[in-house]
Amino acid sequence: METSAGHPPETSPNINSGEIFRQDNPQNDNDNSSPPQTTPEPAVSDSQPDDLPEPSEPEIPPSELPPPPTGNTPPQVRKRRRRKRFFTDMIPTSVSAAAVSGLRVLRPNPKPSTAYSYSETELATGDDLNKNHNRRRRISDLAKEVDLEALIAISVGFPVDSLTEEEIEANVVSEIGGVEQSNYIVVRNHILARWRSNVTVWLTKDHALESIRAEHKNLVHSAYTFLLQHGYINYGVAPAIKELKFKTPEGVPKGNVIVIGAGLSGLVAARQLISLGFKVVVLEGRGRPGGRVRSKKMSGGQNGVVAAADLGGSVLTGINGNPLGVLARQLGILLHKVRDICPLYLPNGRTVNSDIDSKVEASFNKLLDRVCKLRQAMLDEVKSVDVSLGTALETFRHVYRVAEDPQEQMLLDWHLANLEYANASLMSNLSMAFWDQDDPYEMGGDHCFIPGGNERLIRALAEDIPIFYDRTVESVRYGTDGVLVYAGGQEYRGDMVLCTVPLGVLKRGTIEFVPDLPQRKKDAIERLGFGLLNKVAILFPYDFWGGEIDTFGHLNEDPNMRGEFFLFYSYSSVSGGPLLIALVAGEAAVKFEKMSPLESVGRVLEILKGIFSPKGIAVPDPLQAVCTRWGQDQFCYGSYSYVAIGASGDDYDILSESVGGRLFFAGEATNKQYPATMHGAFLSGMREAAHILRVADRRSIAPAEKSNNFSQENIIVVDKFFETPDLKFGSFSVLYDPISADLESNCLIRVALQGEKLLYLYCLISRRLVLELSKLEGDLSRIQMLTRDFGVKLVGWKNLSAAAGSLITSIESARSV
């Protein structure tokens, strides 16, 4: 979900990672950078959905566009406040505690050759008071610096005083909790902040070690490796980064990965996987990269007016910690802060009365607050009860007699339309319990447009990536020996496949998965919602609405059509020409796709005339117009995900789960913290690249074309191991990976089938799935769960994959000790 037009978020620290520098290291070559560049407009929060889809684009010739009137007065302006309940950025006081514990590993001494550090017990122990004073000052400065570095880490998504699940899984420390973990967190934050201070250079491990005491070299190695492999540092499109990222890695490739989809998540994952040593191919059904990020060049008129319109994802929602802000800095793009002035107009063109506006907006926010209290009470008492957010709000509206006046009702409908826009769905579809489950993770800072369109980022990310366009994927087959993907009449073979198609495509079932996806994942796909937002982009010969605003709104009399062109974005300051984009949300967005483009543009012009003609402002003939049809696009079937009734944030996690260590998933609908955003898609791509690396390292995957035949000698050894299995239930015997106790680590299962003679079949599954399997009663039920729900195939000994051989080697080594 996104913040709405002109609605500033609640108070949060204005931390800009580009402004944080190391005070103790003047020789640091990373410390000469600037913060994300933006034009000097006031900061604002904006509701443009960040991960929109790609539309079909009906264009209308200027000769067929309806004509307009004339005149000349600027509209009244008014700041819009928040559109929904916000949570402030979570920055607890324990940041300072983390800073204190970190003082034992960081040195305040600027000399690069001296490894200086101290603990709290070392303070004020000398006789030289002046020396002690200077030491205290250095300690104070360092504590402030560590606090700032912690804030940068928080803005990126790290908790202040604990490890993330990814860090725990990566075994970054030997023991969870305690001094080592505290020191690791400070080291990790320092490395992260140091790279963020200059994102155009490659931060080496030696650079990170310059300000860390030598005895903590192991923590630097652990933190640096984690941040590098998980895409928190040294990523992007700066020349120095690209040079090292695409340097041919030494040794044998880690495996072959097929990426389905060249949207943001697919492109990011492909780049990261290549840098990690994988061979990658990207299959894209469209004839261009970007997916639901789509910028279109529009032009017309005798003077050759040109503008770039973002027809899909358009706004960087929160610049602090946003990886897309990093890309913009690397490309030298000056971002435009979306201004928080958003006048609202009645159907007759008059500006909404400010007192009525304030009253209704306050009432709207109170309604949301009451719904929050109600749902908490319901969840505490009944746990699983859920109703639609629309039903709850409408009930409270009647109970408290809110917006009974016709104008107030139109105003309330505008706010509801804004909410439907933020969630890409009707209020009647949204889960009251979990519709805003991602709010605590919203990125802070200004919300910005990228001048020239977001495809500037896409083009940079797509460079040097092997992408095959016009390859619509029909089938994905995966098993113990690898994957086969059928697309465009061709077969692609690999070790693993990363599916980044939108949730709308998964819901339609246009891609066949063999074996079928686990029931758990299919249920999540069914529960989550995938909504719709459409746009009309119109290029005019000149800016008649005034360049001092970026948004203005329009109220509708018909509640069922409240989302029809309820909000206009002015792109004059960023597109290169006088461009307006009208948004269509909620029920109106669905009906919009059945209207002709000519009718849609005519309706937009009618609204614009109603607003500006009474003020004496002429609305000129459009030069060009484009209407999106995201719901009809076969590569997305909608715009972005939302939490529907009966769904929860957990469904995003389920959707992100891999299957059989061969099939992986990324995209905004797999990101619980940042769904429905461009940065959410970006981060999911980085997440899955790291996940694929972990699986490849654990299984030592051999190239898919090499078959694996186990000898009779091998099976005799394994039979001996199965005499004392790690777990046994029914006819199932299990051998664990002795190297890892991770729930996702591999297990070898042997199933004994009794017939005329005893037959053994085998498979590899994760320890987590083994535990689920062991809870069932009866071998038949277990085999059904294994094959139907888990999508795993039982095979004979000779058909096991190389991953099984690697596991057996580990078991043999462990048991021979």
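Residues numbered from 1 in each chain as written. Predicted model: local features only at pLDDT ≥ 70, side-chain atom pairs only at ≥ 80, totals over all residues. Heavy atoms only, no water.

An unreviewed UniProt entry lists the chain under the name Lysine-specific histone demethylase 1 homolog 1-like, with Nicotiana tabacum given as the organism. Checking UniProt for the chain, the heading Sequence similarities (unreviewed entry) contains the comment "Belongs to the flavin monoamine oxidase family." (UniProt positions renumbered as here; feature names shortened; annotations may be inferred.)

J.: How should the pairing of strand 18 (residues 551-554) be read in this particular structure?
T.: Each regular strand displays side chains that alternate between the two surfaces of the sheet. Residues Thr551 and Gly553 point to one face of strand 18 and Phe552 and His554 to the other, with burial holding for every one of them. For strand 8 (residues 344-345) and strand 18, the ladder comprises 2 bridges, and the chain directions are parallel. Across the sheet, residue Leu344 finds its bridge partner in strand 18, namely Gly553. In this sheet, strand 19 (residues 564-570) lies alongside strand 18 in antiparallel orientation, the contact comprising 3 bridges. Paired with Thr551 across the two strands is Tyr569, which belongs to strand 19. (Buried < 20%, exposed > 50% of the residue type's maximum accessible area, 1.4 Å probe, protein only. Helix = DSSP H or I, 4+ residues; strand = E, 2+ residues; numbered from the N terminus. Pairing = 2+ DSSP bridges.)

J.: Before we go on, may I ask you to explain the sheet that holds strand 12 (residues 482-487) in this structure?
T.: Within a sheet, neighbouring strands are paired by backbone hydrogen bonds and run either parallel or antiparallel to one another. Read from one edge to the other, the open sheet built from 4 strands follows the order 13-12-11-15, with strand pairing classed as mixed. A single partner strand is all that each edge strand has here, and the edge strands are strand 13 (490-494) and strand 15 (512-514). The sheet shows a mean angle of 15° between the axes of neighbouring strands, taken without regard to direction. (Axes fitted to C-alpha atoms, helices over the stretch in contact; angles between N-to-C directions.)

J.: What am I meant to see in the nonpolar core here?
T.: One recurring pattern in soluble globular proteins: nonpolar side chains tend to sit buried together. Tyr184, Ile191, Leu264 and Phe278 are the most contacted members of the largest nonpolar core, which has 75 residues in total. Top element by residues in this core is helix 20 (residues 678-699). It accounts for 9 residues. Among the domains, domain 1 (97-103 + 130-234) and domain 2 (256-293 + 455-524 + 648-701) are the pair contributing at least three residues each to this core. Sequence-distant contacts of Phe278, defined by excluding residues within four places in its chain, comprise Lys254, Gly255, Val257, Leu273, Met496, Ile692, Leu693 and Ala696. (Core = buried A, V, L, I, M, F, W, Y, C linked by side-chain atoms within 4.5 Å. Domains from an automatic or database assignment. Contact = heavy atoms within 4.5 Å.)

J.: What exactly am I supposed to notice about helix 8 (residues 264-275) here?
T.: Structurally, the α-helix is built with 3.6 residues per turn, so residues lying three or four positions apart point the same way. End to end, helix 8 covers 17 Å across 12 residues, agreeing with the expected 16 Å (1.5 Å per residue, within 8%). With 11 of 12 residues buried, helix 8 lies mostly within the body of the structure. For helix 8, the complete set of buried residues consists of Leu264, Ser265, Gly266, Leu267, Val268, Ala269, Ala270, Arg271, Gln272, Leu273 and Ile274. The positive-phi residue at the C-terminal boundary of helix 8 is Gly277, with phi of around 105°. (Expected span 1.5 Å × (residues − 1).)

J.: How do you make sense of the sheet that holds strand 10 (residues 467-468) when you look at a structure like this?
T.: One open sheet holds the 5 strands; their spatial order is 10-3-2-14-23, and the pairing between them is parallel. In this open sheet, the two edge strands, each paired with only one partner strand, are strand 10 and strand 23 (663-665). Pairing analysis gives 2 bridges linking strand 3 (residues 279-283) to strand 10, with the strands arranged parallel. From the neighbouring strand, Val282 faces strand 10, where its bridge partner is Ile467. Where helix 8 meets the sheet, its contacts fall on strand 2 (256-260), strand 3, strand 10 and strand 14 (496-499), and the angle it forms with strand 3 comes to roughly 165°.

J.: Before we go on, may I ask you to explain the packing of aromatic side chains in this structure?
T.: Between two aromatic rings, the relevant description is the distance of the centres plus the angle of the planes. Counted by the stated rule, this structure contains 24 aromatic pairs. Taken together, a centroid distance of 5.2 Å and an interplanar angle of 65° make the contact between Tyr762 and Trp797 edge-to-face. Taken together, the residues Tyr762 in strand 27 (residues 758-766) and Trp797 in the loop between helix 23 (779-789) and helix 24 (802-815) connect sequence positions 35 residues apart. An aromatic cluster is present here, built from Tyr345, Phe540, Phe544, Trp545, Phe552, Phe568 and Phe612 joined pairwise through their rings. When the ring centre of Tyr400 is taken as reference, the NZ or CZ atom of Arg370 above it lies at 3.7 Å. (Phe/Tyr/Trp six-rings, centres within 6.5 Å; stacked < 30°, edge-to-face > 60°. Lys NZ or Arg CZ within 6 Å of the ring centre and 35° of its normal.)

J.: Please clarify how the state of the cysteines should be interpreted in this entry.
T.: Here a disulfide denotes one covalent bond, and it connects the sulfur atoms of two cysteines. One pass over the full model with this rule turns up 0 disulfides. With no disulfide partner, Cys763 has as its closest neighbouring cysteine sulfur the one in Cys747, 9.7 Å distant. (Disulfide = S-S within 2.5 Å.)

J.: Quick question: what am I supposed to make of the pairing of strand 26 (residues 746-754) here?
T.: Two elements, strand 25 (residues 732-736) and strand 26, share 5 bridges in a ladder whose sense is antiparallel. Its bridge partner being in strand 26, Leu735 is matched across the sheet by Leu748.

J.: I'm lost on unusual backbone geometry in this one. Help?
T.: One can expect most non-glycine residues to show negative phi and most peptide bonds to be in trans. Geometrically, the link from Val514 to Pro515 is a cis peptide bond, its omega value of -5° lying close to zero. Locating Pro515 in the fold gives a position in the loop between strand 15 and helix 15 (519-527). At Asn234, a position not held by glycine, the phi torsion is positive, near 55°. Along the chain, Asn234 turns up in the loop between helix 6 (217-229) and helix 7 (239-245). Residue class for Asn234 comes out buried when judged on its relative accessible area of 0%.

J.: Help me understand the side chain of Asp413 in this model?
T.: Note on placement: Asp413 falls in helix 12 (residues 406-423). In this structure Asp413 comes out as buried when scored by relative accessible area, which is 4%. Among all residues touching Asp413, those that are not within four sequence positions of it are Pro559 and Arg562.

J.: Where do I start with the pattern of salt bridges in this structure?
T.: When charged atoms on two side chains of opposite charge get close, those side chains can pair. Counted under the stated rule, the structure contains 33 salt bridges. Note that Glu210 and Arg194 form a salt bridge whose closest N and O atoms lie 2.8 Å from each other. One end of the pair, Glu210, is in the loop between helix 5 (205-209) and helix 6; the other, Arg194, is in helix 4 (residues 178-196), with 16 residues separating them in the sequence. Between Glu772 and Arg768 there is a salt bridge whose closest N-O contact spans 3.4 Å. Residue Glu772 and its partner Arg768 are both found in helix 22 (residues 767-774); the two are separated by 4 residues, about one turn of the helix. Beyond isolated ion pairs, a larger network of salt bridges with shared partners links Asp413, Glu420 and Arg562. (Salt bridge = Lys/Arg side-chain N within 4 Å of Asp/Glu carboxyl O.)

J.: Can you help me understand the environment of Ala752 in this one?
T.: As for its placement among the helices and strands, Ala752 is situated in strand 26. Judged by its relative accessible area of 24%, Ala752 is partly exposed. Not counting residues up to four positions away in its chain, the partners in contact with Ala752 are Ser731, Leu758, Leu759 and Tyr760.

J.: What should I look at first to understand the confidence of the model for the chain in this one?
T.: In low-pLDDT segments, the atomic positions of the prediction should not be examined closely. Residues at a pLDDT of 70 or more form 79% of the chain, whose mean pLDDT is 82. Segment residues 1-36 is flagged for pLDDT under 50; beyond a separation of four residues in sequence, or across chains, it makes 144 contacts in the model. Across residues 68-129, where pLDDT falls below 50, the model places 197 contacts with residues more than four positions away in sequence or in other chains. (pLDDT = per-residue confidence, 0-100.)

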